[in-house]
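What follows is each chain in one-letter form.
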Protein chains: 2
Amino acid sequence: MAKQLTGDDLHELLKEQALLEENMALLSWDQLTGMPVKSGEFRAELMAYLTKRYLKVTTGKKAKALLDYYQLPNNQSTLSIDDQALFQRFSHDIKYVINVPADDYIAFERLKIMAQDAWAAAREKNDYAIFKPYLEKLIHMTKQLIPLWQTDEQTPYDVLLGQYEQGLTTKKLDSIFNQVKQGLGALQQELQLNGETPDNQFLHRSVPKGLQLRYIQPTIQRLGFDFERGRLDDTVHPFMQDMNRNDARITTRWSDRDFKMAVLGLFHEAGHGMFAQNVDSKWDYTPFNKGIAMSIHESQSLFNEVIIGQDEAFWYHEYPKLQDIFGDVLADISFEQFYDGWMKTEPTLIRTEADPLTYPLHIIIRYEIEKAIFNDDLDVSELPALWREKYRTYLGVVPEDDVTGILQDIHWADASFGYFPSYALGHLYAAQFRYAMNKELDISSLLQSGDYQPLIDWRRNHIWQYGASKSPSDILLTATGEPLNPNYWLDLQRKRYEKVYQVKVD
Amino acid sequence: MAKQLTGDDLHELLKEQALLEENMALLSWDQLTGMPVKSGEFRAELMAYLTKRYLKVTTGKKAKALLDYYQLPNNQSTLSIDDQALFQRFSHDIKYVINVPADDYIAFERLKIMAQDAWAAAREKNDYAIFKPYLEKLIHMTKQLIPLWQTDEQTPYDVLLGQYEQGLTTKKLDSIFNQVKQGLGALQQELQLNGETPDNQFLHRSVPKGLQLRYIQPTIQRLGFDFERGRLDDTVHPFMQDMNRNDARITTRWSDRDFKMAVLGLFHEAGHGMFAQNVDSKWDYTPFNKGIAMSIHESQSLFNEVIIGQDEAFWYHEYPKLQDIFGDVLADISFEQFYDGWMKTEPTLIRTEADPLTYPLHIIIRYEIEKAIFNDDLDVSELPALWREKYRTYLGVVPEDDVTGILQDIHWADASFGYFPSYALGHLYAAQFRYAMNKELDISSLLQSGDYQPLIDWRRNHIWQYGASKSPSDILLTATGEPLNPNYWLDLQRKRYEKVYQVKVD
């Protein structure tokens, strides 16, 4: 009775989705990079129209027909291997929308908007109590949705983790994060007790934006970002937004008194951009072009920011260039002083301002709290105390108010529960890629000589070209020969910080 | 049998059209202001998708149902007066699309794209012969379409004129343009024979973009452009693009050696922007918000550029500011020297570089040639000779090649036949508005004192607020009390140039 379908039908629908996503991505970019302040209402109206259209395409008759037809193994096997993979991705993505009653979906979207307003108001008043009832409702609604998506093997929180990375579970993360906590604990103790803390005051000397840009722009180009297929703009909260592989746009903010912010910020965003620019063209107009898991995307921004951007050999080559462009500003700072100051680490309260060594602990804290909420039904009134307790335990610092504590991230106000772990995984993946790459390339020599092309090629071949067609764990396994092992990250950081702080951890 | 419809059905369809137009407008703006150079193909694909969607909305079942239902007077009379006007506009616009067989429409669109490539290639080779076969085909197809739209009273060329301004005819234009030719002829002869040609070399002194911007930005704001509902970007060919009344974006190019270009260019684009920003909000999401006739829109950009931007009293107030911001650049140039140089006129070959006095003649030449093509079946092989002949007659200059002659405009490659007259009408309307305004306001005193607000208010009340809800001739009649009379323009120019060139025309 059902009409016979072909791969073309699948591609037609995927293409319409991709075109609408590209369109909405441009609208978002525009909104964050200089859209006139008073045109917000008009923009919201246009976005609502496109979102409605996107939902119609995604859950409409054609989508349902594809789902019904190709979930039968006999039909699915008529598709090419690539198209089978695309169908599986399509049917995975669609379940987060199609199983939810339309009224619930709309109510949830509306609640998120109100919750974000409440979060902003709570931040302004520095009062968690304002946000609390909304957080409670968001958690309640999320808990109602979980059973619609849950499989037998999943804990409730696993379902949320799986939204951002298929197959990720609390079991896996518990084991990984425990290793990280242990390894970091020993290192931090040693740094604090016996380390020589470097001075980094020179990082706050005044450097005008124009000079910073003159260093950064050609550098991220040498690192692999293609300005013919991307552009750079100013914004308040830096991000990369790709429309398609020939249009990946990066943004940054600037401070005259903190050039490190823009340097590492743009290394980071350029890393995202390079990934987007180098996905195989065969995935154009499919979810494998843009639907890349956050953890693997983040591993590439962090490869630029941390693996390269905190590497001694890299700065040995780059520092004279930086000094030269900055005029007299750093004339009295030797390379050793520069690199040591650049690497200074200290535990802080705010995740987004954390250095790479302490960053994963901020994530682990959030992970453990989210797990307690969804798997152990922790009450939201207990959150602030738990937050303080965990910061004291893991970082040795305690927030004195809500803004520097529980209210610092927007993620929960957007119901993005399960998203945080991606950030930490990005750090770990990046280090493991580095380890594998170093078996084929002499990374230090290449960085020291300024020859970045082999690193770019390795990353394109082993990571970028696949886009979202492979899962993060598949990419990791193929590129490095083993599953995720946090010791590569711990070893790299230990080696770097032992040298800078002149200590030795047993 | 037909379902009963309401004004809401009409508005729903108009809103979807408006949202898609807004969306495509943003894509165009982006394409011209910094889209990465290699993303053209992706952008073309997205535009094609949206155009297809737009056509589907515009000519689909709902549109046809609205057309059938409301063309019956009994049904139409159930609509509010505003909605009746909107329906009439809708049914007028739709006939240019719905009467054309879909295949012809697509073939025509494809031909235009190829013709534009051929035009660019012809310009590069400076050879009309490359473009000629495409122009021939464009004219041929246009001639085939004309009968689909033609009414009994219209000549073929009237149909094309009516696309850009309802009710415009060769009969009207012949009479107006004859007056302009005669009046201008006498003035130009006198200037050439007895005038003192001012020196304007100082206009080519070096002024960096930053300084130019420091003068221009606050000035166009004082003239009425709202930067909270617009923005300014760099581009190759300046334009204004409005997404909606709260988002009107202007663009310019810059030359260190020609600050007049950016000053008058941005006065011009700001004039378009001010119009867009001040349409009554009741026309949001309707064709009356954005579908403004080019002639009336141009009258407002030219009001800024010519009526204000070439006014002696205005510069009397502004010149000290300009001098001050430009540092020493103009320190040795007195106000009189500045203004006389600013006003220098001379006949040239290129329309877009013409001064306001000679500009209408460039348009009249094109108008007469287009009329000959469509009403008298002039052959395209005769065009270059006719072009040269008319330039010799009207401007006393003759192009030596195709690039400075027949190939200079892109309009014909886009089949925009009938569009050129709008530019000249804009000049004439602007002067007539000035005349009427001057009966209520002492324009010279206001400009001389820097009090531009009363001029802004007058234009908002008499012109801008109506958007496209009134025809240009209606707006002109209501605002000035009489139909178009080119003598106001001729009188204004005569007065200005007699003073600058120290002559007296009888």
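Residues numbered from 1 in each chain as written. Chains lettered and ligands numbered in written order. Predicted model: local features only at pLDDT ≥ 70, side-chain atom pairs only at ≥ 80, totals over all residues. Heavy atoms only, no water.

The interface of chain A with chain B comprises 36 residues on the first partner and 36 residues on the second. Both faces combined, the contact of chain A with chain B buries some 3,200 Å², and carbon together with sulfur accounts for 56% of it. Counting every contact that joins chain A to chain B gives eight salt bridges. Notably, a salt bridge pairs Lys38 of chain A with Glu228 of chain B, separated by 3.0 Å at the nearest N-O pair. Per element, the largest residue contribution to the side of chain A that touches chain B is 10 residues, and it comes from helix α1 (residues 7-32) of chain A. Of the residues contributing to the side of chain A that touches chain B, the split by class is 13 nonpolar, seven polar and 16 charged. (Contact = heavy atoms within 4.5 Å. Buried area = accessible area lost by both parts, 1.4 Å probe. Salt bridge = Lys/Arg side-chain N within 4 Å of Asp/Glu carboxyl O. Helix = DSSP H or I, 4+ residues; strand = E, 2+ residues; numbered from the N terminus. Nonpolar A, V, L, I, M, F, W, Y, C, P; charged D, E, K, R; others polar.)

Residue and element names in this part refer to chain B. As summarised here, the arrangement of the three strands in space is β1-β3-β2, forming an open sheet in which the pairing is mixed. If you trace the sheet from one side to the other, it starts and ends with β1 (230-234) and β2 (240-244), each paired once. Strand-to-strand twist of the sheet, defined as the mean angle between neighbouring strand axes without regard to direction, takes the value 20°. Here β1 pairs with strand β3 (residues 247-252) via five bridges, running parallel. Residue pairing in the sheet places Arg231 in a bridge with Arg249 of β3. (Pairing = 2+ DSSP bridges. Axes fitted to C-alpha atoms, helices over the stretch in contact; angles between N-to-C directions.)

Moving on: the UniProt feature "active site" (unreviewed entry) in chain A. All names here are of chain A. In this structure's numbering, the residues bearing the UniProt feature "active site" (unreviewed entry) are Glu269. If you trace the backbone, Glu269 turns up in helix α11 (residues 259-277). Setting aside its immediate chain neighbours within four residues, Glu269 contacts Pro238, Phe239, Met240, Ile250 and Thr251. (UniProt positions renumbered as here; feature names shortened; annotations may be inferred.)

Residue and element names in this part refer to chain A. The feature "binding site: Zn(2+)" (unreviewed entry), as given by UniProt, occupies His268, His272 and Glu298 in the numbering adopted here. Judged by maximum C-alpha separation, these annotated positions cover 31 residues in sequence but sit close together in space, the widest gap being only 8.6 Å. Turning to its location among the elements, His268 is positioned in helix α11. Note on His272: relative accessible area 8%, which makes it buried. (Buried < 20%, exposed > 50% of the residue type's maximum accessible area, 1.4 Å probe, protein only.)

Another point: the domain arrangement of chain A. Residue and element names in this part refer to chain A. Domain annotation for chain A reports domain 1 (7-98) and domain 2 (205-348 + 426-471). The distance between the C-alpha centroids of domain 1 and domain 2 comes to 30 Å. Tallying the contact residues gives 17 residues for domain 1 and 20 residues for domain 2. Summing the contributions of domain 1 and of domain 2, the shared interface buries around 1,600 Å²; its carbon and sulfur component is 67%. The largest per-residue losses of area from domain 1 upon contact with domain 2 belong to Glu22, Trp29 and Arg89, which jointly make up 36% of the total buried on that side. Inspection of the region where domain 1 meets domain 2 yields one salt bridge. Going through the elements one at a time, α1 and α5 (81-98) are the ones with two or more residues in the side of domain 1 that touches domain 2. Of the residues that constitute the side of domain 1 that touches domain 2, the class distribution is nine nonpolar, two polar and six charged. (Domains from an automatic or database assignment.)

Below, the discussion takes up the sheet that holds strand β1 (residues 230-234) of chain A. Residue and element names in this part refer to chain A. Spatial ordering of the open sheet is given by β1-β3-β2, a layout of three strands whose pairing is mixed. Each edge of the open sheet is held by one strand with a lone partner, namely β1 and β2 (240-244). Across the sheet, the axes of successive neighbouring strands diverge by a mean angle of 20°, strand direction being ignored. Taken strand by strand, α1 contacts β1, β2 and β3 (247-252), and its axis lies near 145° from that of β2.

Below, the discussion takes up the relation of the copies chain A and chain B. Each copy superposes on the other: chain A lies on chain B with an RMSD of 0.1 Å after a rotation of 179° and an axial shift of 0.0 Å. Seen this way, the second copy is the image of the first under a two-fold rotation axis. By residue overlap, the copies meet face to face through one surface: 100% of the interface positions of chain A are interface positions in chain B. (Least-squares fit on C-alpha atoms with pLDDT ≥ 70 in both.)

All right, on to helix α2 (residues 40-59) of chain A then. For an α-helix, 3.6 residues make a turn, and residues three or four places apart therefore share a direction. Residue and element names in this part refer to chain A. Over its 20 residues, α2 extends 28 Å from the first C-alpha to the last, a length consistent with the 28 Å expected when each residue adds 1.5 Å. The set of residues buried in α2 consists of Phe42, Arg43, Leu46, Met47, Tyr49, Leu50, Arg53, Val57 and Thr58. Seen along its axis, α2 keeps its buried residues to an arc of 165°; they face one direction. Residues of α2 that are exposed and point over 90 degrees away from its buried face: Glu41, Lys52 and Lys56. (Expected span 1.5 Å × (residues − 1). Arc of directions from axis to C-beta.)

On the surface, Lys52 and Lys56 of chain A together with Lys52 and Lys56 of chain B cluster together into a positively charged patch. For Lys56 of chain A, the position within the fold is in helix α2. (Patch = residues over 30% accessible without salt bridge, like charges linked within 9 Å, V, L, I, M, F, W, Y side chains within 5 Å. Areas by Shrake-Rupley, 256 points an atom, 1.4 Å probe, with all protein chains shown as cover. Lys, Arg positive; Asp, Glu negative; His and termini not counted. Charge placed at Lys NZ, Arg CZ, Asp CG, Glu CD.)

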